[in-house]
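# Observations on chain architecture
Below, each chain spelled out in residue letters.
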Amino acid sequence: MELFLLSNGKLADDAPLLGYAQPQLHAMIARRAIRSAVLIPYAIIRGDHTQRAADLSASLGIPVRTLDAFASPAEAIAQAELILVSGGNTWLLNQMLHEQGLIVAIQRAVRERQVPYVGWSAGCNVATPSIRTTNDMPVRSSVVLPALGLFPVQINPHYLDASASGHMGETRDERLAEFCAVNPAESVIALREGSFLHLHDDRLRYHSVRNEDFKVFRHGEPIQAYHDTRALQPLVPFRCD
């Protein structure tokens, strides 16, 4: 199983989509001789699905087609050499994956056929056991459903530990601490912009283009920051370094 779980898609408006992870993504595409990719665009509410696919094609150097280009979403996943799951609204994305019958299809593609999975923001969220640590608003009246569960620990993308002047609501740290208080057996990995987790050959690695840390939230324990995945070893069944 190979996963790329990215906090975000871009570092700047004029940057290429997934540009900060291009070295690792291009290496994976070359290593696996991947000729095309399928984009799951359900999280995109105000953008153009076809344009998103074109942007990804330019960034990755291979043709990218959206689910809309196939006879059915299930057929698209069955044919996929690489699965790309766009950022956007996590609630809508997860609901659509369930409604279109894609949860098991994606799980089988990734786990059984070894199709690489690349998800950023919302696409990162749905790769975990649930979407309960998304930053997004529930724009539809949908219940919190299980997600894909490809990665065994909750992730909070777009993590920011700064406090805005005049903001009197809870900080991100406080929100994540609340999650752990309600779910004391679970942990949360908080990924900053420009960072991602890469699982390949049963080995989990952390990358940050800005050389920044990630944080781990656990109930009743101090918030800890790390620059490699060794601290995650008790939480995951992969080799961490």
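Anyway, here's the lowdown on the structure attached to this text. Nothing here was measured: the structure is a model prediction, and the numbers come from that model.

Over its 12 residues, helix α2 (residues 49-60) runs 16 Å from end to end, which matches the ideal 16 Å to within 8%, given 1.5 Å per residue. All of the buried residues along α2 are Ala53, Leu56, Ser59 and Leu60. Along the axis of α2, the buried positions cluster into a sector of 125°, meaning they face one direction only. Exposed side of α2, more than 90 degrees from the buried face: Thr50 and Ala58 are the residues found there. Each element contacted by the buried residues of α2 is listed here: α1 (22-32), β2 (37-40), β3 (64-66), β4 (83-85) and β5 (117-120).

It is worth spelling out the sheet that holds strand β7 (residues 187-190) at this point. An order of β6-β7-β10-β11 is seen for the 4 strands of this open sheet, with the pairing classed as mixed. The strands lining the two open edges of the sheet, one partner per strand, are β6 (154-156) and β11 (224-226). Across the sheet, the mean angle separating the axes of adjacent strands is 30° when strand polarity is ignored. Where β7 and strand β10 (residues 214-218) come together, 4 bridges link them in antiparallel fashion. Paired with valine 188 across the bridge in β10 is phenylalanine 217. Along the sheet face, helix α7 (residues 172-182) touches β6, β7 and β10 and points at about 40° away from the line of β10.

Under the defined criterion, the tally for this structure stands at 6 aromatic pairs. Between phenylalanine 151 and phenylalanine 238, the aromatic rings sit 6.2 Å apart at their centres with planes inclined by 25°, giving stacked as the arrangement. Residue phenylalanine 151 is found in the loop between α6 (122-125) and β6, and its partner phenylalanine 238 is found in the loop between β11 and β12 (239-240); the two are separated by 87 residues along the sequence. The exposure class of phenylalanine 151 is buried, given its relative accessible area of 0%. On the accessibility criterion, phenylalanine 238 (8% relative accessible area) is buried. Taking 6.1 Å as the distance between ring centres and 65° as the angle between the ring planes, the aromatic pair formed by tyrosine 159 and phenylalanine 217 counts as edge-to-face. A residue pair is termed long-range when its members are at least 10 positions apart, and tyrosine 159 in the loop between β6 and α7 and phenylalanine 217 in strand β10 qualify at 58 residues. Among the aromatic residues, ring-to-ring pairing joins Phe4, Tyr20 and Phe196 into one connected group.

So, how was this worked out
- Residues numbered from 1 in each chain as written.
- Predicted model: local features only at pLDDT ≥ 70, side-chain atom pairs only at ≥ 80, totals over all residues.
- Heavy atoms only, no water.
- Helix = DSSP H or I, 4+ residues; strand = E, 2+ residues; numbered from the N terminus.
- Expected span 1.5 Å × (residues − 1).
- Buried < 20%, exposed > 50% of the residue type's maximum accessible area, 1.4 Å probe, protein only.
- Arc of directions from axis to C-beta.
- Contact = heavy atoms within 4.5 Å.
- Pairing = 2+ DSSP bridges.
- Axes fitted to C-alpha atoms, helices over the stretch in contact; angles between N-to-C directions.
- Phe/Tyr/Trp six-rings, centres within 6.5 Å; stacked < 30°, edge-to-face > 60°.

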